[in-house]
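# Coordinate analysis (summary)
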Amino acid sequence: MADRLVCRDCHRVQSAEIESQCEACGGTALTEDWAGYVVIAHPERSDIAKEMEVTEPGKYALKVR
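The paragraphs below set out a description of the structure included in this document. It should be emphasised that the depicted structure is a prediction, and the values quoted were computed from it without experimental measurement.

### Structural notes on the pairing of strand E1 (residues 4-7)
Bridge count for E1 against strand E2 (residues 13-15) is 3 bridges, and the pairing is antiparallel. Paired with Leu5 across the two strands is Gln14, which belongs to E2. Hairpin connection of E1 to E2: 5 residues between the antiparallel strands, including His11 at a positive phi of 70°.

Written as structure tokens, this is what we have:
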């Protein structure tokens, strides 16, 4: 089992201890199949956050399969 899961809806990375739903958006499509991540501290000032359409600080996967 992976130690981190990613939400397929919002790409938020979270602990695998929470397996039922995303702690950020409430989505239930969590996956272990992802690659790379970025930590976004200030989404309002981040070009990457704008590109990814991220509005909340946190860890996000760059590629989710």
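Continuing now.
### Observations regarding the sheet that holds E2
Reading across the sheet, the 3 strands line up as E2-E1-E3 and stay open at both edges, with antiparallel pairing between neighbours. Two strands close off the open sheet at either side, each with one partner strand: E2 and strand E3 (30-31). Sheet topology places E1 next to E3; 2 bridges connect them, and they run antiparallel. In the strand pairing of E3, Val6 is matched with Thr31.

Calculation notes
Each chain has its residues counted from 1, following the order in which its sequence is written. In keeping with the predicted nature of the model, local features appear solely for residues at pLDDT of at least 70, side-chain atom pairs appear and are counted solely at 80 or more, and the whole-chain, interface and lining totals rest on all residues. Computation of side-chain values covers all heavy atoms of the structure but excludes hydrogens and water. Here, a strand pair is defined by DSSP locating no fewer than two bridges between the strands. Per the convention used, a helix needs a DSSP run of H or I reaching at least four residues, while a strand needs a run of E reaching at least two, with both numbered from the N terminus.

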